[in-house]
Amino acid sequence: SAMAMNNKPFTVFVEGNIGSGKTTFLEHFRRFEDITLLTEPVEEWRNLKGWNLLDLMYKDTAKWAMTFQSYVSLTMLDMHRRPTPTPVKLMERSLYSARYCFVEHMMRSGTLHPAEFAVLDEWFRFIMNQIHIDADLIVYLKTTPAVVYERIKKRARSEEQCVPLSYIEELHKLHEDWLITRQHAECPAPVLVIDADLDLSQITEEYKKSEHQILRKAVDVVMR
Ligand SMILES: Cc1cc2cn([C@H]3C[C@H](O)[C@@H](CO)O3)c(=O)nc2[nH]1
């Protein structure tokens, strides 16, 4: 049942640390024709006119963090704004995790200069005030840093092999501050927490739990 273009679809952000299984979670919903999946445009970050901004950022974070996060935010805004023909839209991450997790960490760790952070924060505030991009639900794939650190090693995405456990632990804390402690009032969406430490064989049950909640909420919104 295609959604009239003027209605806003039931929008879900899928959030979690590096290696928490977001792409796997999204792929679980590939079978539903009423759901549009927008996965993280990592390939765009790895090849912008031939430049691998992800690799540059990991290789020399102080020099490339601003450039990388600026482009990440542009690609996320593009995804937020993309017209969705279906009643439900699942997005991998968001401008919120960009600002509250990654940019926040780079500012606190000093890899973003305060002036660079100020510019990124002004862009974030402008977008929040001018463009309606909030979620109806956030699915938080909650993990333990040690578990995802091992997965990152196994997945062996080349750019990430130098990522230290301390970085994963700091990102974890920023996700918890945002999605469990609820430190940021600008993002009031309800959070559905999934135990994403479970390995693939066990996690399908967890997904089914979220499937029910997502589809039920989506039906409520569509029938409103
Ligand atoms: C919104 C947002 C996503 C995102 C991902 N990343 C990194 C973490 C992973 O190594 C890779 C793919 O998620 O990109 C980042 O540094 N900053 C980001 N900001």
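Structure: see above.
Residues numbered from 1 in each chain as written. Predicted model: local features only at pLDDT ≥ 70, side-chain atom pairs only at ≥ 80, totals over all residues. Heavy atoms only, no water.

Peer 1: Mind showing me how you'd approach the overall build of the chain here?
Peer 2: Each helix and strand in the chain was counted, giving nine helices and five strands. The linear arrangement of helices and strands in the chain, starting from the amino end, is β-α-β-α-α-α-β-α-α-β-α-α-β-α. At 17 Å, the chain has a C-alpha radius of gyration in line with the 17 Å of a compact globule built from 224 residues. Projected onto its principal axes, the C-alpha positions of the chain cover 50 × 40 × 35 Å. Of all 224 residues assigned to the chain, the portion counted as buried reaches 49%. When the accessible area of the chain is evaluated, it comes to approximately 11,100 Å², of which 56% is carbon and sulfur surface. Where the 28 positive side-chain charges of the chain centre and where its 32 negative ones centre are 1 Å apart. (Helix = DSSP H or I, 4+ residues; strand = E, 2+ residues; numbered from the N terminus. Rg over C-alpha atoms; globule rule 2.2 N^0.38 Å. Buried < 20%, exposed > 50% of the residue type's maximum accessible area, 1.4 Å probe, protein only. Areas by Shrake-Rupley, 256 points an atom, 1.4 Å probe, with all protein chains shown as cover. Lys, Arg positive; Asp, Glu negative; His and termini not counted. Charge placed at Lys NZ, Arg CZ, Asp CG, Glu CD.)

Peer 1: Help me understand the side chain of Thr86 in this model?
Peer 2: By the secondary structure assignment, Thr86 is in the loop between helix H4 (61-81) and strand S3 (88-92). Residue class for Thr86 comes out buried when judged on its relative accessible area of 9%. In this structure the side chain of Thr86 is engaged in a polar contact, spanning 2.7 Å, whose partner is the backbone oxygen of Val88. (Polar contact = N/O pair within 3.5 Å; in protein donor to acceptor, adjacent residues only side chain to side chain.)

Peer 1: I would appreciate a short explanation of the layout of surface pockets in the present structure.
Peer 2: Which parts of space are left empty comes out when a probe the size of a water molecule is rolled across the atoms. The space that makes up the largest pocket amounts to roughly 690 Å³. Together, 38 residues line the largest pocket, and Ile18, Gly19, Ser20, Lys22 and Arg155 are the ones closest to its centre. Mapped by element, the contributors of at least two residues to the lining of the largest pocket are helix H1 (22-28), helix H2 (42-46), helix H3 (53-59), H4, helix H5 (95-108), helix H7 (145-155) and helix H9 (200-223). For the lining of the largest pocket, the per-class residue count stands at 19 nonpolar, eight polar and eleven charged. (1 Å grid on protein atoms, 1.4 Å probe; cavity = no way out; pocket = protein on both sides within 12 Å on 5 of 7 lines; lining within 4 Å. Points joined across faces, edges and corners; volume = space filled by probe spheres on them. Nonpolar A, V, L, I, M, F, W, Y, C, P; charged D, E, K, R; others polar.)

Peer 1: Can you help me understand empty space enclosed by the protein in this one?
Peer 2: Taken as a whole and judged by the stated rule, the model has one cavity of 30 Å³ or more. Of the volumes computed, that of the largest cavity is approximately 90 Å³. In terms of lining, the largest cavity is formed by Ser73, Leu95, Ala98, Arg99, Val103, Leu120, Trp123, Phe124 and Ile127. Sorting the residues of the lining of the largest cavity by element identifies H5 and helix H6 (114-130) as the ones contributing at least two each.

Peer 1: Hey, could you run me through the side chain of Thr11 in this one?
Peer 2: The topology assignment puts Thr11 in strand S1 (residues 10-16). You can call Thr11 buried: its relative accessible area is 6%. Discounting chain neighbours no more than four positions away, the residues touching Thr11 are Lys89, Asp134, Ala135, Asp136 and Leu137. (Contact = heavy atoms within 4.5 Å.)

Peer 1: Hey, could you run me through the sheet that holds strand S4 (residues 137-142) in this one?
Peer 2: The strands making up a sheet associate through backbone hydrogen bonding, with each pair oriented either parallel or antiparallel. Strand order across the open sheet formed by five strands is S2-S3-S1-S4-S5, with parallel pairing between neighbours. Across the chains shown, the open sheet's two edge strands, defined by having one partner strand only, are strand S2 (35-38) and strand S5 (191-195). On average, each strand axis in the sheet is inclined to that of its neighbour by 20°, with strand direction left out of account. Strand direction decides the pairing type here: S1 and S3, joined by five bridges, are parallel. For Thr11, the partnering residue across the bridge sits in S3 and is Lys89. (Pairing = 2+ DSSP bridges. Axes fitted to C-alpha atoms, helices over the stretch in contact; angles between N-to-C directions.)

Peer 1: Quick question: what am I supposed to make of the site of the ligand here?
Peer 2: Taken together, the neighbourhood of the ligand is formed by 16 residues, with Glu40, Tyr58, Gln69, Arg93 and Glu160 sitting nearest. The side chain of Tyr58 places a nitrogen or oxygen atom 2.7 Å from an oxygen atom of the ligand. Within the side chain of Gln69, a nitrogen or oxygen atom sits 3.0 Å from a nitrogen atom of the ligand. When the ligand is considered free in solution it has 420 Å² of accessible area, and contact with the protein chains removes 98% of it. (Near = heavy atom within 4 Å.)

Peer 1: When you look at helix H8 (residues 165-179) in this model, what are you seeing that I'm missing?
Peer 2: Each turn of an α-helix holds 3.6 residues, which means side chains three or four residues apart point in the same direction. Counted at 1.5 Å a residue, the expected span for H8 with its 15 residues is 21 Å, and the 21 Å between its end C-alpha atoms agrees. Where H8 is concerned, the buried positions are Tyr167, Ile168, Leu171, His172, Leu174, His175, Glu176, Asp177, Trp178 and Leu179. (Expected span 1.5 Å × (residues − 1).)

Peer 1: Teacher, can you tell me more about H7 here?
Peer 2: Within the span of H7, buried status applies to Pro145, Val148 and Ile152. Down the axis of H7, the sector holding all buried residues measures 70°, keeping them to one side. Residues of H7 that are buried make contact with H8. Positive backbone phi, at 55°, marks Ala156, one or two positions downstream of H7. (Arc of directions from axis to C-beta.)

Peer 1: Any chance you could explain the state of the cysteines here in plain terms?
Peer 2: A covalent bond bridging the sulfur atoms of two cysteines is what the word disulfide describes. Applying the stated criterion across every chain, the model contains zero disulfides. Just so you know, Cys101 is unpaired, no disulfide at all, and the nearest cysteine sulfur is the one on Cys187, 10 Å from it. Cysteine Cys162 is unpaired, with the sulfur of Cys101 as its nearest cysteine sulfur at 20 Å. What makes Cys162 exposed here is its relative accessible area of 52%. (Disulfide = S-S within 2.5 Å.)

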